Every structure is written in C-alpha cells, then in structure tokens.
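# Architecture and fold: a report
Each chain is listed here by its residues.
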Amino acid sequence: MNARAILAKLRHRQTPTREELAWVAQGLATGQMSDAQAGAFAMGVCLNGLSDVGRVALTLAMRDSGRVLNWDVDGPVLDKHSTGGIGDCVSLLLAPALAACGAYVPMISGRGLGHTGGTLDKLESIPGVKTQLSEGQFKAIVGQVGCAIVGATADIAPADRRLYAVRDVSSTVDSLDLITASILSKKLAAGLDGLVLDVKTGSGAFMKTLAEGQALAEALTKTANAAKCCTTAVISDMSQPLVPSVGNALEVAEVMRLLTGTGRGPIIDVAAALGGVLLANSGLAADVQEGADAVVHAIRNGYAAERFARMVSALGGPVNFVEDWQRFLPEATVIRQVSAPHDGYIAQINGEALGMAVVSLGGGRVLEGDCVNPAVGISDMVRLGTQVKRGQTLAVVHAVRSDQADRAAHSVLGAITLSGSRPKVPEQIIERVG
C-alpha cells in the first residue's frame, strides 16, 4: 500500500478498503504520510465522501492508532461531545455536574476549529491550568474528582491529532466523514460506557441546516453504536450564541456565573437535555427527565461548582478560583460598545461571522501554530427576538488595539439583522437521535 494509490482511489470517488484506511491512520500517526498527502486525503474525503462502512473503518482505525483506555472506578464512565458552535461552553458546565451525579467523566477535548472555540483553549484561559497530561495523571484526576477535561495524549488517537490540525488549515472542517471519525476516534479511545453528542445546527454551527444536522447525528450514532458504545445524539439550535459571550475567558466567566448562581440562559436547557440522556442510559436516573432534573439541581445548588473547583486545582489552576474567579481571568485592554443603528427586533445573528470576528481579534487560529489571546472576544450579545432602540448596545468588543476593535465592531454590525417585526425564535432542543 502507498499514499498515492489510496489518494487516487479517493480522487475517483472510490472508498478505500478497511486495510487501506488502517494504513492511512498509521501513516498519519507515524509520519509515514507527508503533510501534503494528509491534506490531500482530507480534501479527497471532504469532496467525495466515504461509504457508511468506510466511515466506520476510518473511525476505528484512527481509534486504534494509539492506546484505548480502561477504567477501574465505581460508577459509569460517561462523556459528551459537541459538534461545535458559537458561545458553546456546555462541557465546562456539564462535566462537573455529571461528576456530582455519580458519573466519571474523562473528557478528551479539542482546541478551536474554524470559527468555533475550543474547550481546551477556554479552560486554559484560567491561569496555571494545563490540559496536556500523562495517562496516569488523567486517570488519577478522574478517579479523585470525578471529571477531567484534557487534551488527547500522544498515545490517544494520534492519527486524529495530525488530521485535526490539517483540517483546520486546509478548509476541510465541514466533512461529515471527517467530523465523525475525529470525534469518535478520541471518544472511543477513552474507554466510555456511554456517550451523548450535541449536534448543532444553525448559523453558528458547521451544519447549517436541520437536514445536515440530522445526517451527522445519524452518522455519529450509527458509527459509535457499531463500535459497542451506547450513544445518543441531541440536535440543538445554534442560530445564536449559546451564552451572550464569544471568546475564551469571556465564556469561562459566563460558566462561572452559572455555577455560582448568578447566571441564567438556554445553556442550562442544553446541559440538562444532554446530561439527562447520559444519566438515564447509564442507570443513574430512572428516565431522561429525572436525569435532567438532577443535572440542573447539581448546577444550581453548588455541587457542580465544587467539582469544577477541584478539577481546576488538580489541573494546576488556582485553589480558590471559584470563590474569586473575576480576579484571575485575563481582561482585554480595549473595550468597545457596538450600538444599534436603528430601532427594530433582532431577526438574525450570523454566528459564523461572529466567530471569525473573534478569530481576527486573536481569539482563534488562522495557522496551526498561532497563539490564542484568551482575553479578546465579544460579550453582552443581544438575543434573537429582542426589541432594541437606536443607540442601544448590541454587543461589546474586547480587543488589544483600537483598530482591531473597530474592525470587529463592523463585523458584529454586519452579523446582526434588525427587522421591523418580531421573528420566531427556534426551540433550543430540536430532537433526539439514537
């Protein structure tokens, strides 16, 4: 086997065999495939796709390119993954809530991809937090705290580590096959008993339409369950940011307000829907509603905050972060309000445009090795359906320089559509699959 022959099959719209895809995964993991070949493979799959059998084969091959964890704990090992959205910091809220409900959550997460933020980048905006741990450290924190949010070690799905970076800089992010293989290779390597997938659809998601979201949910659940991991997908709306902030430290601040009882919003509904499925499927709740109620109770009564504090401390962050989080999070030097140009209702929000505005501020990556500024972003976003008056604040830009703030403010205005009539706001939870 060789890369050129496999790439030629993709170019001619033929799905490589299981053995060929296993060779690709090993080639990605060991460096036997060059960067050019890895990019060509990603583009070939993005343009021409794989069969259902090929998608499962690629996922399992990427999982098996490294170690598969096993656990010796006294409860179910559960996890959640989002397909990516704007202002989506559910993981930081749900992982400690599930731990407080008796689950063990070894959450292997990723960094920012395209216009969406990454859970690891958000968590690392907390001073001292390190998310690259050894397997031993990872297992110890999960066993002691109940949850840990970390990056994949060099031994966990190394093929995905390479392909993930290639996709971000080669415009091959929005491929159903590559998204499925990337998500599930890491999750299946974590040795899970159960998984729930938050499949986003809308302007801020990779899957813009409900049909695209349903197709991805079906692909993910079929592939994961074929690999013997009990998996359900929840399709949720991403036609606006899930919290009123977009940017790493700004989103952590939103999570802290929720964990400490001063925040509200649709993110609670999403966390409850996802957590309810996991707790019911694993036997920690009698049904989905009981599980959802348990997640909300853990968040609103401080139990999730206690687990989050222990996790942050175990990852190297401040011991008293939860008690004094405002003091620790970095702040931008230039703050710019964006005002409504005229009266109206917030009719549409282009989430992808907002995400790219944050990337241009330095809050995301254009090139693979770019550093991320955790302080920049957009906060105080108005919600869909809100009636505003001319001059009222639509959002607040957090930037390093005035010229960057000006450009971002212009992008925010371009991303928000005002209308003379109140729009219909989509339901936050659309459906469950699997």
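An account of the accompanying structure is given in this report. (Residues numbered from 1 in each chain as written. Predicted model: local features only at pLDDT ≥ 70, side-chain atom pairs only at ≥ 80, totals over all residues. Heavy atoms only, no water.)

### Some thoughts on the packing of helix α5 (residues 90-100) against helix α14 (residues 303-314)
Look at α5 against α14: their axes get within 8 Å of each other, and the N-to-C directions meet at 105°. Judged on the interaxial angle alone, α14 and α5 are roughly perpendicular. Of the residues in α14, those touching α5 at Leu92, Pro96, Ala97, Ala99 and Ala100 are Tyr303, Ala304, Arg307 and Phe308. For the contact of α5 with α14, the class distribution of residues is eight nonpolar, no polar and one charged. (Axes fitted to C-alpha atoms, helices over the stretch in contact; angles between N-to-C directions. Helix = DSSP H or I, 4+ residues; strand = E, 2+ residues; numbered from the N terminus. Parallel < 35°, antiparallel > 145°, perpendicular 65-115°, else oblique. Contact = heavy atoms within 4.5 Å. Nonpolar A, V, L, I, M, F, W, Y, C, P; charged D, E, K, R; others polar.)

### Let's talk about the nonpolar core
Counting 122 residues, the largest nonpolar core has Phe308 and Phe321 as its most contacted members. The biggest single contributor to this core is helix α12 (residues 266-282), with nine residues. With residues up to four places along the chain from it excluded, the contact list for Phe321 reads Ile126, Val252, Met256, Phe308, Val312, Phe328 and Leu329. Counting residues in hydrophobic clusters, the runner-up holds 24 residues, among them Leu7, Ala25, Leu28 and Ala42. (Core = buried A, V, L, I, M, F, W, Y, C linked by side-chain atoms within 4.5 Å. Buried < 20%, exposed > 50% of the residue type's maximum accessible area, 1.4 Å probe, protein only.)

### Some details on α12
Compared with the 24 Å implied by 1.5 Å per residue over 17 residues, the 25 Å span of α12 between its first and last C-alpha is a close match. Among the 17 residues in α12, 14 count as buried, and that is most of the element. Gly283 sits one or two residues past α12 and shows a positive phi near 90°. (Expected span 1.5 Å × (residues − 1).)

### Looking at the packing of aromatic side chains
Within the structure shown, the criterion is met by two aromatic pairs. Taken together, a centroid distance of 5.9 Å and an interplanar angle of 85° make the contact between Trp71 and Phe138 edge-to-face. Here Phe138 lies in helix α7 (residues 135-145) and Trp71 lies in the loop between α4 (52-63) and β1 (78-82), a separation of 67 residues in the sequence. On the basis of an interplanar angle of 40° and a centroid distance of 6.1 Å, the ring pair of Phe321 and Phe328 is categorised as tilted. Its relative accessible area of 1% is what places Phe321 among the buried residues. (Phe/Tyr/Trp six-rings, centres within 6.5 Å; stacked < 30°, edge-to-face > 60°.)

### Overview of empty space enclosed by the protein
As enumerated under the stated definition, the model contains three cavities of 30 Å³ or more in all. Of the voids in this model, the largest cavity is the one considered here, and its volume is about 380 Å³. Considering the residues around the largest cavity, the lining is formed by 30 residues, among which His81, Ser82, Thr83, Gly84 and Tyr164 are closest to the centre. Listing elements by their share of the lining of the largest cavity, those giving two or more residues are β1, α5, β2 (105-109), α6 (119-123), α8 (158-169) and α9 (176-189). Residue composition of the lining of the largest cavity, grouped by class: ten nonpolar, 13 polar and seven charged. There is about 180 Å³ of room inside the second largest cavity. Around the second largest cavity, the lining comprises 24 residues; the ones closest to its centre are His115, Thr116, Gly117, Gly363 and Gly364. Elements supplying a minimum of two residues to the lining of the second largest cavity: α6, α11 (248-259) and α16 (351-363). A per-element tally of the lining of the second largest cavity places α16 first, with four residues. Looking at the lining of the second largest cavity residue by residue, the class counts come to six nonpolar, 13 polar and five charged. (1 Å grid on protein atoms, 1.4 Å probe; cavity = no way out; pocket = protein on both sides within 12 Å on 5 of 7 lines; lining within 4 Å. Points joined across faces, edges and corners; volume = space filled by probe spheres on them.)

### Quick notes on the packing of α7 against α14
For the pair α7 and α14, interaxial distance at closest approach is 10 Å and the crossing angle is 155°. On the basis of the axis angle, α7 is roughly antiparallel to α14. As α7 runs across α14, the sense of the crossing is right-handed. Residues Ile141, Gln144 and Val145 of α7 lie in contact with α14, whose contacting residues are Arg307, Arg310, Met311 and Ala314. Class assignment of the residues belonging to the contact of α7 with α14 gives a composition of four nonpolar, one polar and two charged. (Left-handed = near helix turned anticlockwise from the far one by under 90°.)

### Here's the deal with the pairing of strand β7 (residues 344-349)
If a strand is regular, its side chains alternate between the two faces of the sheet. Across two bridges, the pairing between β7 and strand β9 (residues 387-388) is antiparallel. Paired with Gly344 across the bridge in β9 is Val388. (Pairing = 2+ DSSP bridges.)

### Quick word on the pattern of salt bridges
The tally for this structure, following the rule as stated, stands at 22 salt bridges. The salt bridge partner of Lys9 is Glu20, with a shortest N-O separation of 3.0 Å. Pair noted here: Lys9 is in helix α1 (residues 3-11) and Glu20 is in helix α2 (residues 18-30), with a separation of eleven residues, a long-range link. Using a relative accessible area of 13% as the deciding quantity, one classes Glu20 as buried. Note that Arg18 and Glu19 form a salt bridge whose closest N and O atoms lie 3.7 Å from each other. Among the residues examined, Arg18 registers a relative accessible area of 61% and is labelled exposed. Overall, Glu19 belongs to the partly exposed group, its relative accessible area being 43%. (Salt bridge = Lys/Arg side-chain N within 4 Å of Asp/Glu carboxyl O.)

The values reported here are purely geometric and, on their own, carry no functional implication.
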